[in-house]
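Listed here are the chains, written in short residue letters.
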Amino acid sequence: MISSETRICGLIGDPVTHSVSPVMHNAAFDFLGLDYIYLPFAVTKDRLARAVDGVRGLNIRGLNVTIPHKVAVIPFLDRLEPLAERIGAVNTIVNDDGVLTGHNTDAAGFLKALQGRGIEPKGKVVVLLGAGGAARAIAFALAEKGARLTILNRKQELDWAVELAGSVSSFSGRKVKALELNEPNLKAALVPADVVVNATSVGMSPNNGQSPVARELLRPGLVVFDIVYSPVKTRLLSEAEQAGAVTVNGLDMLVWQGALAFELWTGAKAPVEVMRKEVARALGGTPFGGAVGAGERKTTSVALVGFMGAGKTAVGRVLAEKMNKELVELDSLIVEKAGKSIARIFDQEGEIVFRQLEMEVTREVAGRKNQIIACGGGVVLNKINIDRLKAEAVVVYLMASPEAIQERVVAGDAEVRPLLGDGDKSLAIRELLAFRQPFYRRAADIIIDTSRMGIEAVAEQIIAGLKRE
Ligand code: NAP
């Protein structure tokens with residue numbers, strides 16, 4: 001139970017809605033019976049200084065830091081652990097009585113994941129793709145362990161790779177090459193390579209179909225480490241597996257960087273397997289993830305779940321047309337059954353009656369074949385609904401950022417969106433979304449981030465995802 005003694009940890013970034021860190025850390029605290037809680041805080045760039053000050057003011061025990069603050073946060077800290085200083089980026093902050101120390105557990109998390117597969121970096125020829133925040137941490141971690149590195153980054157930011165190669169060289173005393181990321185360079189660099197690491201965001205959801213390495217360049221014995229963790233099995237890893245390469249996924253690194261942060265905050269040994277299980281479950285349904293195994297079920301329908309404004313009905317309409325299936329909207333069926341609008345049901349009979357109606361229509365619809373089912377935002381809160389839907393449908397979570405949702409949910413739409421109330425809509429969206437996110441993730445066989453995508457593109461992506469399932 002939360003009390004005045006409960007220690008608070010959290011994550012700052014923008015956005016943070018996609019993060020699985022809250023699920024991972026809270027499961028670990030629960031497992032060890034520690035009186036800690038981990039919360040996601042969406043912090044825009046202009047509020048970073050005040051947010052860090054709040055850590056001192058509220059005696060928050062520690063934070064994880066994610067995009068876009070990993071570098072920007074440094075001037076607001078009191079101390080930097082030497083590796084974080086060398087890397088020039090911080091992903092973990094520890095607060096000791098108002099003194100804030102910046103750490104970088106991405107570096108050690110990467111090494112733990114690699115070594116966990118029995119691969120020692122010393123003397124290995126490693127090709128590192130990318131020169132962003134994560135690549136910096138990995139480059140220093142590998143150099144410190146005696147690996148021989150070549151860094152490739154795309155043309156427009158080749159300067160970053162050159163700068164990174166220069167700093168890693170002077171730190172390790174070994175020459176580090178920097179090249180433009182293109183096929184001829186990659187082909188040549190991979191000839192003597194033992195390991196290739198993808199530290200670019202290529203292949204990350206929603207662009208799951210992309211790979212930074214052409215299939216023909218992959219071969220048996222090569223170690224292919226993709227640090228992208230959503231989806232867990234990226235196209236690169238899938239093709240590497242087919243080519244007989246040894247694969248390491250980003251989930252391992254994610255869990256280890258989290259475990260190391262956990263240990264810094266609590267002083268307790270992290271329950272790594274518990275954390276891994278929770279993260280795998282939260283990420284499990286993504287395309288190429290394979291954890292949920294929708295492919296093993298014989299399904300003819302698709303159920304679209306997600307927050308209000310995620311586009312379930314609009315996407316459902318296009319998808320129904322493209323796949324030649326019938327569109328069914330659960331909320332419309334509820335309105336029909338009750339003979340009144342959803343806002344009226346909430347108003348006159350309350351949310352419990354609404355949820356009962358929702359369960360009834362879900363049961364009626366769930367067994368039918370060849371449907372595109374646009375579900376209400378709260379369907380996922382009841383596991384019975386999801387189990388029923390899964391008997392015949394692949395569940396697709398249409399994810400969207402709070403900003404995208406706010407833009408799409410028309411102002412003054414209270415008649416249709418009773419859960420947002422009359423107050424600050426933006427706050428209501430953030431709070432409700434943060435609460436529901438784990439339910440959506442848990443239910444999903446496929447997750448698609450729709451924040452920056454049009455309806456057609458989302459429908460196409462679902463069809464591509466279904467083919468891979
Ligand atoms: P970042 O600082 O924004 O760097 C992104 C990198 O990807 C840059 O090198 C960028 O190149 C490159 N890139 C982006 N789009 C590209 C494209 N179309 N073609 C070629 N290169 C492209 O991000 P980050 O923090 O390093 O994160 C990178 C990835 O690692 C993300 O997918 C993130 O989720 C993942 N990650 C995983 C873990 C883990 O624990 N598993 C930890 C941290 C990050 P330019 O410089 O040319 O833009």
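What counts, and at which threshold
Numbering of residues starts from 1 in each chain and follows the order in which that chain's sequence is written. With pLDDT at 70 or above as the cut-off, local features in this predicted model cover only qualifying residues; side-chain atom pairs require 80 or more to be listed or tallied, and sums for whole chains, interfaces and linings still use all residues. The basis for the side-chain values is all heavy atoms of the structure; hydrogens and waters are excluded. Confidence of the prediction at every residue is given by pLDDT, a number between 0 and 100. For this analysis, residues touch if any pair of their heavy atoms sits within 4.5 Å. Any residue with at least one heavy atom within 4 Å of a molecule or strand is counted as near it. Two N or O atoms form a polar contact when they lie within 3.5 Å of each other; inside protein one atom must be a possible hydrogen donor and the other a possible acceptor, and for residues adjacent in sequence the pair counts only when both atoms belong to side chains. With residues, only the protein chains shown are counted as cover, and all accessible areas are computed by Shrake-Rupley using a 1.4 Å probe. Numbering goes from the N terminus for both helices and strands, where a helix is a DSSP run of H or I of at least four residues and a strand is a run of E of at least two. When residue character is reported, Ala, Val, Leu, Ile, Met, Phe, Trp, Tyr, Cys and Pro are called nonpolar, Asp, Glu, Lys and Arg charged, and the others, Gly included, polar. The rule is simple: take the accessible area with a 1.4 Å probe, protein chains only, and divide by the maximum for that residue type; under 20% is buried, over 50% is exposed, in between is partly exposed. Strand pairing is defined by DSSP finding a minimum of two bridges between the two strands. The axes are straight lines fitted to the C-alpha atoms, using for helices just the contacting stretch, and the angles between their N-to-C directions are given from 0 to 180°. Salt bridges, as used here, are contacts in which a Lys or Arg side-chain nitrogen is within 4 Å of a carboxyl oxygen on Asp or Glu. For the purpose of counting charges, residues Lys and Arg are taken to be positive, whereas Asp and Glu are taken to be negative. His and the chain ends are not included.

A. Geometry of the confidence of the model for the chain. For the chain, mean pLDDT is 89; residues scoring 70 or higher make up 94% of the total. Scored below 50 in pLDDT, residues 285–296 makes 41 contacts in the model with residues more than four places away or belonging to other chains.

B. Expanded view of the site of the ligand. Residues in close proximity to the ligand total 23 residues, the closest being Gly133, Ala134, Arg154, Met204 and Ile227. Note that an oxygen atom of the ligand is positioned 3.4 Å from one of the backbone N or O atoms of Gly132. Here a nitrogen atom of the ligand sits 2.9 Å away from a polar atom, N or O, in the main chain of Gly250. Notes on the ligand: free accessible area 920 Å², of which the protein chains cover 79%. Of all the elements in the fold, those that place two or more residues in the shell around the ligand are helix H5 (133–144) and helix H9 (250–266). Examining the composition of the shell around the ligand, we find that 4 residues originate from one element, H9, more than from any other. For the shell around the ligand, the residue count by class is 12 nonpolar, 8 polar and 3 charged.

C. Spatial organisation of the environment of Asn208. Mapped onto the elements, Asn208 comes out in the loop between strand E10 (195–198) and strand E11 (223–226). On the accessibility criterion, Asn208 (2% relative accessible area) is buried. When the C-alpha atoms of Asn208 and Arg235 are compared, they prove to be 6.7 Å apart, with 27 residues separating the residues in sequence.

D. Main features of the sheet that holds E10. Spatial strand order, E9-E8-E7-E10-E11-E12: 6 strands in an open sheet with parallel pairing. Among the strands making up the open sheet, the edge pair consists of strand E9 (177–180) and strand E12 (246–249). Averaged over all adjacent pairs, the angle separating strand axes in this sheet is 20°, with direction ignored. Of the strand pairs in this sheet, E10 and E11 are connected by 4 bridges, and their pairing is parallel. Among the inter-strand pairings, Asn198 is bridged to a residue of E11, identified as Asp226. Along the sheet, H5 contacts strand E7 (125–129), strand E8 (148–153) and E10; its crossing angle with E7, the most-contacted strand, is approximately 170°. Packed on one face of the sheet, H9 meets E11 and E12 and runs near 45° to E12.

E. A look at the pattern of salt bridges. For the coordinates displayed, the defined rule picks out 24 salt bridges. Salt-bridge contacts for Lys70 lead to Asp106; the nearest nitrogen and oxygen are separated by 2.9 Å. Separated by 36 residues along the polypeptide, Lys70 in the loop between strand E3 (62–65) and strand E4 (79–80) and Asp106 in helix H4 (residues 105–116) bring together distant segments of the chain. Note on Asp106: relative accessible area 8%, which makes it buried. As a salt-bridge pair, Glu239 and Arg235 come within 2.8 Å of each other at their nearest N and O atoms. Of the two residues, Glu239 and Arg235 both sit in helix H8 (residues 235–242), 4 residues apart, roughly one turn of that helix. What emerges from the salt-bridge pattern is a single network uniting Asp53, Arg56 and Asp78.

F. Looking closely at the side chain of Arg441. Relative to the assigned elements, Arg441 resides in helix H17 (residues 425–443). For Arg441, which is buried and forms no salt bridge, the nearest opposite charge comes from Asp449, at a distance of 7.9 Å. At a separation of 2.5 Å, a polar atom in the side chain of Arg441 contacts the main-chain carbonyl oxygen of His18. Setting aside residues no more than four positions away along its own chain, Arg441 makes contact with Thr17, His18, Ser19, Val20, Arg281, Ala282, Leu283, Tyr397, Met399 and Ile447.

G. Just the pairing of strand E5 (residues 92–96), in detail. Most of E5 sits out of view: 4 of its 5 residues are buried. The sheet contact formed by E3 and E5 spans 3 bridges and is antiparallel. Residue pairing for E5: Asn64 is matched across the bridge by Thr92. Here E5 runs beside strand E6 (residues 99–103); their pairing, made up of 5 bridges, is antiparallel. By the bridge assignment for E6, Val94 is matched with Thr101. Once E5 ends, the chain turns through 2 residues before running back antiparallel as E6, passing Asp97 with a positive phi of about 50°.

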